[in-house]
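# Structure assessment
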Amino acid sequence: MKRILSAFLFVLTVAGCREDINSLPPVIILEKQSYDVPAGTPVTISPEYENCTQNTVYMWTCNGQTVSTEPSLTFSSDAAGIFYFLLTVDNGAGEDKAEVQVNVLGQTPPRISFPEAAGGFTVLLDSELILAPETTSSLPVTYSWSIDGQEVSTEATLAFPTSETGEFEVVFRAENRDGADFIKFGVKVADPSDAFSWTFASDSISLSSGRSALITPTDITYPFDAVYTWSIDGMQVQSSESPGFVFDLAGTGEYAVRVTMTNSYTEASHDIAVRVYPPEGTFRRPAGPESSPLISVIFEYTPAPGQFINENCTAATPEEACDYAMKRLSGGEFVSLGAFGGYITAGFDHSVESGGNGIPDLQITGNAHSSSSEPGIIWVSQDVNNNGIPDDIWYELRGSEYGKPETWQDYAVTYYRPEGPGMSVDWTDNRGGSGTVDYLPAYHDQDCYYPAWIDRDSYTLRGTRLQSRLADESGNGSLWVGHPFDWGYADNWSATDPDIDKFSISNAVCWDGTPAELEYIDFVKIQCGVQAKGGWTGEQSTEITLIRDLHL
C-alpha cells in the first residue's frame, strides 16, 4: 500500500551529467525502477541524465509533496511500506519524468520449522538420523548446530552421530542480518536392549458379562522379533507375534491379565485388571417424569488446539473447562473441539434407549452449512460398572465412511505447547506425519490456541480419522469449501438426508466392526474426525451446539 513519506535524508551527490549543451529535452536514465531496502537503512537513487545543464531543474515528489530538488535522492524510513517517487527534470527545452518505487521491508529474521523435533527423537545405536529443519529467510542465513553446548556443524542439515548411547540436547540456530531463530530438542540414542516401549489406553477394563474386549498395546517402538504372551490369573492363554488379545470370559468377577513381550534383547510386562459385571441391562436407568432430554453433565472437555480455544474462556483447570462447555451448550452456543481428536464427553440423567433398526435416538447439532462440514465421530458407552462415570468401553457409531481404506482407525496426534504467545501449534502423528495448527491473529488473537487447562507440554489424542474433503474451490486460496459426508457424523451438512443431525444407537459397532446391539447408552462422546486446514479459514474443527435424547 502507499505510505505518506515519513522521514527523508537528502544527500547531494554528483549526478552523471553530460556537458553537451543543445536544445534537446532532458533524458532520465535509471539503473532500476524498484529498490528493496530494510527499514531504517538509507538508499541513494542517482540517475544518469542526458542534455542537462547547470540551469536544469530537478524535482522529486511523493504523494504530491516535493521532497527534494537535487539530482540524487537519499531516503530512509523506519516504517515498512511501499513508497513511490516521481522525478521531474526540466532543462528549458523540455522535460522528462520517471517513477521510482522503494519497498521498505520490515525486520525479517529467519524462521525455523521443524515440527518433527517437538517430541524429540529416539534412535538405535549406530543407526542413521538426518536432522533437516526448514528455514525461511529473504536474506542470507548462517547456521549452527550444537550438541550439549558444543558446536558440531554450520550446515543446514546434520547427520546426528549415533555411535554412543545417551540422551543429548540439540540446539539448531539460524541467523541473518535482522535476527536469529533457534530450536532446542532432545535426542536419545538407545541400545536395542532398552529401546522397546509401548503404551496402554488403561490399566483397567470394565465390561458386561457376555461381551468381549480387545486388549492391545499401542505406540509400540522397536519390537524386533517380539513374541507377546498373555495370561489370565497366572495361566497362559495366548502366545503369538500379534500384540492384541481378545478377552471374552463371561463369568463375573475381577481377572488379573498380564502381557509379556519377549524379543532377542529384552523383556517387558504390563498388568491389566479386567472386571466383568452382570449382563447388560442390570444397571439400566429408565427415564422418569423428571428426566431431561438434554445432557445433564459434561465429564471431559479436551479439545485439540484451535482458533476458538481459550477465546472467551478463562478456564485454568479441566473442571472449569467442563463448566464453561456446559454453560455454552445450555445457552445454545457452540463448543469447538479444535483440530483432529478434540473431544467432549457428556452424560444423561437416565439411560437413552435404543429404538433399533436405524431409528434415531440422539440429536447432536453443530454449525455446519452447505459449504462447511467439519465432521465429528460419535462414540457411545454404557455405565457397565454402575459408578456414574464414563470409564467403560466405547463403541463408535458407524457412519458412511466406516471401514473404507481411507478411513484410519487408531490414528493418534500429539500436540506441543508453543514456546510463546502468537505462535502456531506443532503436531506429529503416529503415521510419520506432522504439521501445525496455524495462529490466525486477524480473526482470533488470544495468546495461544493450546488449551490453557492442559498443564502438560504435549498431549496425545487418539481416534478415527476421516479423509478430509476440504478443498480450495477458487484455486487461489480465497474460497475453501468443506464438502459433506453422506451420513453418520456430527457437524456435517447434507442436502439429501433430513436426519443429518440425528443418530441411531443401533449403528454402534464393536472393536471388530460387528454390530454392538446395545439396548441403551449412558454416555456420549463427540470427537473431531479430520486433520485439515484451509488457508485463512484455519483448521477444520467440529463444533457442537446441542446433545439430546430424542425419545423424551
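Our structure is the block above this text.
Throughout what follows, the structure given in this document is the object of discussion. Just so it is clear, the structure is predicted and the values come from calculations on it, not from any experiment.

How each quantity is defined
The numbers attached to residues start from 1 for each chain and follow its sequence in the written order. It should be noted that, the model being predicted, local features are given only for residues of pLDDT at least 70 and side-chain atom pairs only at 80 or more, the latter also being counted only at that level, while totals for whole chains, interfaces and linings use all residues. Side-chain numbers come from the whole structure's heavy atoms, not from hydrogens or water. Helix and strand assignments come from DSSP, with helices taken as H or I runs of at least 4 residues and strands as E runs of at least 2, each series counted from the N terminus. Exposure is judged per residue with a 1.4 Å probe applied to protein chains only, and the accessible area is read against the type maximum: over 50% gives exposed, under 20% gives buried, and values in between give partly exposed. Note on areas: Shrake-Rupley, 1.4 Å probe, and residue coverage restricted to the protein chains presented here. Note that His is not counted, nor are the chain ends; the positive residues are Lys and Arg, and the negative ones are Asp and Glu. Each charge is placed at NZ for Lys, CZ for Arg, CG for Asp and CD for Glu. Aromatic rings from Phe, Tyr and Trp, taking only the six-membered ring of Trp, are treated as a pair when their centres fall within 6.5 Å; an angle between ring planes under 30 degrees marks them as stacked, one over 60 as edge-to-face, and anything in between as tilted. Lysine and arginine charges are scored as sitting over a ring when NZ or CZ, respectively, is within 6 Å of the ring centre and within 35 degrees of the ring normal. Strand pairing is defined by DSSP finding a minimum of two bridges between the two strands. Angular values range over 0 to 180 degrees, each being the angle between N-to-C directions of two axes fitted as lines to C-alpha atoms, with helices fitted over their stretch in contact. Side-chain atoms within 4.5 Å link the members of a nonpolar core, which is a set of buried Ala, Val, Leu, Ile, Met, Phe, Trp, Tyr and Cys residues. Contacts between residues were defined by any pair of non-hydrogen atoms, one from each residue, lying within 4.5 Å. Under the rule applied, a polar contact is a pair of N or O atoms within 3.5 Å (in protein, one hydrogen donor and one hydrogen acceptor; residues adjacent in sequence only if both atoms are side-chain atoms). The way it works is a 1 Å grid over only the protein atoms, where trapped points that fit a 1.4 Å probe form a cavity and open points with protein on both sides within 12 Å along at least five of seven lines form a pocket, and then any residue with an atom within 4 Å of a point lines it. Grid points are joined across faces, edges and corners, and a volume is the space filled by probe spheres set on the points. Any residue outside Ala, Val, Leu, Ile, Met, Phe, Trp, Tyr, Cys, Pro, Asp, Glu, Lys and Arg is labelled polar, Gly included; the first ten of those are nonpolar and the last four are charged. Only one rule defines a salt bridge in this text: a Lys or Arg side-chain nitrogen within 4 Å of an Asp or Glu carboxyl oxygen. How far a helix is expected to stretch is found by multiplying one less than its residue total by 1.5 Å.

### Looking at the overall build of the chain
When you go through the chain residue by residue, the secondary structure sums to one helix and 45 strands. Each of the three principal axes of the chain carries a C-alpha extent, and together these read 115 × 60 × 40 Å. Each of the 552 residues in the chain was classed as buried or not, and the buried ones make up 45%. In the structure as shown, the chain presents an accessible area of about 26,300 Å², 49% of it carried by carbon and sulfur atoms. Distance between charge centroids for the chain: 3 Å, based on 29 positive and 77 negative side chains.

### A closer look at the packing of aromatic side chains
Under the definition given, this model contains 27 aromatic pairs. Measuring from centroid to centroid gives 5.4 Å for Tyr 450 and Tyr 459, while their planes differ by 90 degrees, and the two rings are edge-to-face. In this pair, the class of Tyr 450 matches that of Tyr 459, namely buried. What links up through ring pairs into an aromatic cluster is the set Phe 196, Trp 198, Phe 200 and Tyr 228. Cation over ring: Arg 465 sits above Tyr 411, and NZ or CZ is 5.9 Å from the ring centre. One residue, Lys 525, lies across the ring of Tyr 343, its end atom 5.3 Å from the ring centre.

### Here we look at the sheet that holds strand β35 (residues 408-416)
Here we have four strands laid out as an open sheet, ordered β37-β36-β35-β38, and antiparallel in their pairing. At either margin of the open sheet sits one strand with a lone partner, and together these are β37 (434-437) and β38 (458-465). The mean inter-strand angle of the sheet, taken between neighbouring strand axes irrespective of direction, is 30 degrees. With four bridges connecting them, β35 and strand β36 (residues 425-429) associate as antiparallel partners. Paired with Tyr 416 across the two strands is Asp 426, which belongs to β36.

### Remarks on the nonpolar core
The biggest cluster of nonpolar side chains holds 83 residues, and the ones touching the most others in it are Phe 247, Val 274, Tyr 301, Tyr 415, Val 524 and Ile 526. Per-element accounting of this core gives the leading share, six residues, to helix α1 (residues 318-330). Excluding residues within four positions of it along the chain, Val 274 makes contact with Ile 205, Leu 207, Ile 215, Phe 247, Gly 253, Glu 254, Tyr 255 and Val 257. Counting 22 residues, the second largest nonpolar core, distinct from the first, contains Cys 62, Val 67, Phe 83 and Phe 85.

### Focus on the environment of Ser 209
Its location among the elements puts Ser 209 in the loop between β21 (204-208) and β22 (213-215). Along the backbone, Ser 209 and Val 276 are 67 residues apart, and their C-alpha atoms lie at a distance of 5.7 Å. Among all residues touching Ser 209, those that are not within four sequence positions of it are Ala 250, Thr 252, Val 276, Tyr 277, Pro 278 and Pro 279. In this structure the side chain of Ser 209 is engaged in a polar contact, spanning 2.5 Å, whose partner is the backbone oxygen of Ala 250.

### Describing the sheet that holds strand β18 (residues 166-176)
The strands making up a sheet associate through backbone hydrogen bonding, with each pair oriented either parallel or antiparallel. If you walk across this open sheet you meet the five strands as β12-β19-β18-β15-β16, and the pairing is mixed. Either end of the sheet is taken by a strand with one partner, and the two such strands are β12 (121-124) and β16 (150-153). This sheet shows a mean twist of 35 degrees between the axes of neighbouring strands, independent of strand direction. Pairing analysis gives three bridges linking strand β15 (residues 142-147) to β16, with the strands arranged antiparallel. The residue of β16 that forms the bridge with Trp 145 is Ser 153.

### Regarding the pairing of strand β10 (residues 95-105)
The side chains of a regular strand alternate, residue by residue, between the two faces of the sheet. In terms of strand pairing, strand β3 (residues 34-38) meets β10 through five bridges, oriented parallel. Counterpart to Ser 34 in the pairing with β10 is Gln 101. Where strand β9 (residues 81-90) lies against β10, ten bridges are found, and the strand directions are antiparallel. Paired with Leu 86 across the two strands is Glu 99, which belongs to β10. Where β9 folds back onto β10 in an antiparallel hairpin, the turn is made up of four residues, including Gly 92, whose phi is positive at roughly 90 degrees.

### Re empty space enclosed by the protein
On inspection of all chains with the given rule, the structure shows one cavity of 30 Å³ or more. A volume near 40 Å³ is recorded for the largest cavity. Taken together, Ser 208, Pro 278, Pro 279, Glu 280, Gly 281, Thr 282, Phe 283, Gln 382, Asp 383, Val 384 and Tyr 520 form the lining of the largest cavity. A per-class count over the lining of the largest cavity returns five nonpolar, four polar and two charged.

### Re the layout of surface pockets
Space inside the largest pocket adds up to approximately 1,900 Å³. What lines the largest pocket is a set of 50 residues, and nearest its centre among them are Ala 201, Ser 202, Trp 394, Arg 462 and Lys 525.

### Some thoughts on the pattern of salt bridges
The full count for this structure, using the stated rule, is 16 salt bridges. A salt bridge links Glu 401 to Arg 469, with the nearest nitrogen and oxygen atoms 3.2 Å apart. You can see Glu 401 sitting in the loop between β34 (394-397) and β35 and its partner Arg 469 sitting in the loop between β38 and β39 (470-472), a full 68 residues away along the chain. One salt-bridge network, in which partners are shared between bridges, spans Asp 219, Asp 410 and Arg 462.

### Regarding α1
Between the first and last C-alpha of α1 there are 18 Å, a value that for 13 residues agrees with the 18 Å anticipated at 1.5 Å per step. All buried positions along α1 are accounted for by Ala 321, Cys 322, Tyr 324, Ala 325, Met 326, Arg 328 and Leu 329. In the segment just after α1, Gly 332 is the residue with positive phi, at about 80 degrees.

### Let's talk about the environment of Pro 278
The residue Pro 278 is located in the loop between β28 (267-277) and β29 (297-302) in this model. Exposure remark for Pro 278: the relative accessible area of 30% places this residue in the partly exposed category. For Pro 278 and Leu 207, which are 71 residues apart along the polypeptide, the C-alpha to C-alpha distance reads 8.7 Å. When near neighbours in sequence (up to four residues on either side) are disregarded, Pro 278 contacts Ser 208, Ser 209, Thr 252 and Phe 283.

### Quick notes on the pairing of strand β7 (residues 65-68)
Relative to β7, strand β6 (residues 57-62) runs antiparallel, the two being bridged by three bridges. Residue pairing in the sheet places Thr 61 in a bridge with Thr 66 of β7. Linking β6 back to β7 in an antiparallel pair, the connection comprises two residues, with Asn 63 at a positive phi of about 55 degrees.

### Concerning unusual backbone geometry
Across the chain, the bulk of peptide bonds are trans and the bulk of non-glycine residues have phi less than zero. Look at Asp 148: it is not a glycine, yet its phi comes out positive at around 50 degrees. If you trace the backbone, Asp 148 turns up in the loop between β15 and β16.

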